[in-house]
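Reading the structure
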Amino acid sequence: MSTVETSRGVESARPAMPDPARPRIPGEAGIWVFIGGETVAFTFLFVIWLYSHSQHPDLYSVGQQQLAVGFGAVDTLLLLASSLFVVIGVRAVRAGLRPLGPIAFAGGLACGLGFAISKVIEWGGHIAAGQVVQTNEFWVYYYALTGMHFFHLLIGMGVLGWCFLQARKPALSAQRFAYLEGGACFWHMVDFLWIVLFPLIYLVR
Amino acid sequence: MTNPVDATVKNRLNTRAQRLCVWAGPVMIFTWLLAFVFLCRFVPPPSPAMSAQQLVAKFGEDTNAIRLGLVISLFSCSLLVPFSSVIATQMRRIEGPRSVLANASLVSGGLLCVEFLLPFAIWQTALYRLDEWDPKLVQMLNDMSWLMFLGIISSACVQVACLGVCVLRDHREETIFPRWYGYLNIWISIMWFPAGWIPFFKIGAFAWNGLMAWYLPLTIYLCWFIVTIVLLLRAISHEEREVTALDLGHTGETLQHDEPEDAVLTPLAQS
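Below, the structure is looked at part by part. (Residues numbered from 1 in each chain as written. Chains lettered and ligands numbered in written order. Predicted model: local features only at pLDDT ≥ 70, side-chain atom pairs only at ≥ 80, totals over all residues. Heavy atoms only, no water.)

**With respect to the overall build of chain A**
For clarity, the threshold we go by: What counts as a helix is a DSSP run of H or I of at least four residues, what counts as a strand is a run of E of at least two, and both are numbered from the N terminus. Buried means the residue's accessible area, taken with a 1.4 Å probe over protein chains only, is under 20% of the maximum for its type, while exposed means over 50%, and partly exposed covers the values in between. Only heavy atoms enter the contact rule, under which two residues are in contact if any of them lie within 4.5 Å. Per-residue accessibility takes into account occlusion by the displayed protein chains alone, with areas from the Shrake-Rupley method and a 1.4 Å probe.
The secondary structure content of chain A amounts to six helices and zero strands. When the helices and strands of chain A are read in sequence order from the N terminus, they spell out α-α-α-α-α-α. A total of 205 residues make up chain A; the buried ones form 50% of that total. Once local pairs closer than 6 in sequence are excluded, the contacts in chain A between residues at least 24 apart make up 80%. As displayed, chain A offers around 9,300 Å² of accessible surface, 71% of which is attributable to carbon and sulfur atoms.

**What to know about the packing of aromatic side chains**
Where we set the bar: Centres within 6.5 Å make a pair out of two Phe, Tyr or Trp rings, where for Trp the six-membered ring is used; the pair is then stacked when the planes are under 30 degrees apart, edge-to-face when over 60, and tilted otherwise.
In the structure shown here, the tally under the stated rule is 50 aromatic pairs over all chains. Ring centres of Phe34 of chain A and Tyr183 of chain B lie 6.5 Å apart, and the angle between their planes is 70 degrees; on these two criteria the pair is classed as edge-to-face. Placement of Phe34 of chain A in helix α1 (residues 29–55) and of Tyr183 of chain B in helix α9 (residues 179–191) is noted, with the two residues assigned to different chains. Considered together, Phe34 of chain A and Tyr183 of chain B belong to a single accessibility category, that of buried residues. Ring geometry for Trp194 of chain A against Tyr202 of chain A: centres 6.2 Å apart, planes inclined by 65 degrees, an arrangement best described as edge-to-face. The pair formed by Trp194 of chain A and Tyr202 of chain A is uniform in burial state, with each residue classed as buried.

**Some points on the interface of chain A and chain B**
In many analyses, interface size is given as the accessible surface area lost on bringing the parts together. Note the threshold: As used here, buried area is the combined drop in accessible area, with a 1.4 Å probe, of two parts when they are placed together. Whenever Lys or Arg places a side-chain nitrogen within 4 Å of a carboxyl oxygen from Asp or Glu, that contact is recorded as a salt bridge. In protein, a polar contact means a hydrogen-donor-capable atom and an acceptor-capable atom, both N or O and within 3.5 Å, with residues adjacent in sequence counting only if both atoms are side-chain atoms; elsewhere, any N or O pair within 3.5 Å suffices.
Contacts between the two partners involve 25 residues from chain A and, on the opposite side, 21 residues from chain B. Contact between chain A and chain B buries roughly 2,200 Å² in total, counting both sides, with carbon and sulfur atoms accounting for 78%. Among the salt bridges present, the one from Arg179 of chain B reaches Glu28 of chain A, with a minimum N-O distance of 2.7 Å. Across the chain A-chain B interface, the total number found is seven residue pairs in polar contact (both at pLDDT 80 or more). Breaking the side of chain A that touches chain B down by element, the ones donating at least two residues are α1 and α5 (137–167) of chain A.

**A closer look at helix α3 (residues 52–61) of chain B**
All names here are of chain B. In plain terms, the rule: Each C-beta atom gives one direction from the helix axis, and the arc is the one those directions make.
Buried within α3 we find Ala52, Leu55, Val56 and Phe59. One side of α3 carries all its buried residues, which in axial view fall inside an arc of 95 degrees. Away from its buried face, by an angle of more than 90 degrees, α3 presents the exposed residues Gln53 and Glu61. Each element contacted by the buried residues of α3 is listed here: α4 (63–77), α6 (100–128) and α7 (135–151).

**Description of the environment of Tyr179 of chain A**
Along the chain, Tyr179 of chain A turns up in helix α6 (residues 174–203). Since its relative accessible area comes to 13%, Tyr179 of chain A is described here as buried. Sequence-distant contacts of Tyr179 of chain A, that is, excluding residues within four places in its chain, are made with Glu28 and Trp162 of chain A together with His171 and Arg179 of chain B.

**Observations regarding the nonpolar core**
Grouped burial of nonpolar side chains is what soluble globular proteins tend to show. Worth spelling out the cut-off: To define a nonpolar core, start from buried Ala, Val, Leu, Ile, Met, Phe, Trp, Tyr and Cys residues and group those joined through side-chain atoms within 4.5 Å.
With 131 residues, the main nonpolar core has Trp32, Phe36, Phe116 and Trp224 of chain B as its most contacted residues. With 16 residues, α5 of chain A is the largest single contributor of residues to this core.

**Points about the pattern of salt bridges**
All names here are of chain A. Summed over the entire model, instances satisfying the criterion amount to 11 salt bridges over all chains. Of the charged contacts in the structure, one is a salt bridge between Glu122 and Lys119, with a shortest N-O distance of 2.7 Å. In this pair, Glu122 and Lys119 both sit in helix α4 (residues 100–128), three residues apart, roughly one turn of the helix. Judged by relative accessible area, which is 3%, Glu122 ranks as buried. Using a relative accessible area of 0% as the deciding quantity, one classes Lys119 as buried. Here the salt bridges do not stand alone but share partners, grouping Asp75, Lys119 and Glu122 into one network.

**A closer look at the side chain of Glu38 of chain A**
Short version of the rule: Only four residue types enter the tally: Lys and Arg on the positive side, Asp and Glu on the negative side; His and the chain ends are excluded.
You can see Glu38 of chain A is positioned in helix α1. Arg179 of chain B provides the closest opposite charge to the buried, salt-bridge-free Glu38 of chain A, at an N-O distance of 16 Å. Within the local environment of Glu38 of chain A, its side chain forms a polar contact with the side chain of His152 of chain A, the two groups lying 2.7 Å apart.

Shown next as structure tokens:
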């Protein structure tokens, strides 16, 4: 790691403001291999859900009535807020606004934690009501899809924690900043996937 | 760059053995897949929802073909170890003497090999006295095999995750593996994750015969092999040319005391 730290504190090492005239990829190209792969995998999940829904409309209509839409809605708001925090954080780091950057990333992390707690309470309620994976195909996919998303959320929280630590540094090299931006893109993907999952699981009848 | 590669460089870098280990990878994956598909006929896998009697009937169709497929699988899957070894060797070029990620990746590759082999032996047990045993026992052994074969995916996840992190930590001007390969490995590690959850599911895409737990991880594993083989061969050739260029640049000097040369050779000398 120390090799890229040499430019720390040097004004010219600050990430440049984006030039609107030049096309630019946020983060580095490699992170988009990752995000593209994730999107494809979740597309499989969405298609599986829709196919299973069309095969068992009765199971799904009963199951969806038992879901707590309130939890889903709160989760959505939390993730939207977290994405906003992350956008503010990246901009603050780029502009060199010292206290705002880490605070914004901590805010994003707190929203992510809120989502995780809300999801665990939601699952706990269903399990207590006897609605478990083995109940029927609706619950198989409910737990599988929300579980897969939850796993990505946990990874994303680790990434945000790393972004928080980076944002606390006095200055970042352009390369470091690209990594930070890549981390932010990963978090936006976690948010985006939930934005698709929420209506799909809770609302589409 | 266009200099012919010196024979002594080949010897010092052990490139013939390295290439041999790389080719162990495709031999392993294709021999195993052919045996698994055409002899064992485990693609598609027997459904977890199948009754014990149905399973025994399926195994009874051509028991010797399945036995042969399992024996071939047992031999071919051992080749995972040389393949993991050459991956770790190239990782050591990135990490230098304290090659913790390379070690973790190598050991995980070795464990993965064991986790591949044991389920085959359990299937062999199930078939050994197929007609004498209670169908329930055959079902249990088959369950055990699938749960081990697919469910113990964590070593594979750790192997590719270590490789991915190591590639991303390569900060030299011309990296040994491209950076996207680092992200690809971390993504693959995540994509294998659903296979670990098969104990919860008997139906659907997350059961051991489902899209997310079997077909997708398997397809990704195949693609990972192909990409990894190409990149390993490229990395080995690149190292040969690099060292040859250094040799020609320092004719008459004692190479052992040349600093960049040492940096390249120390990890290899260690292994």
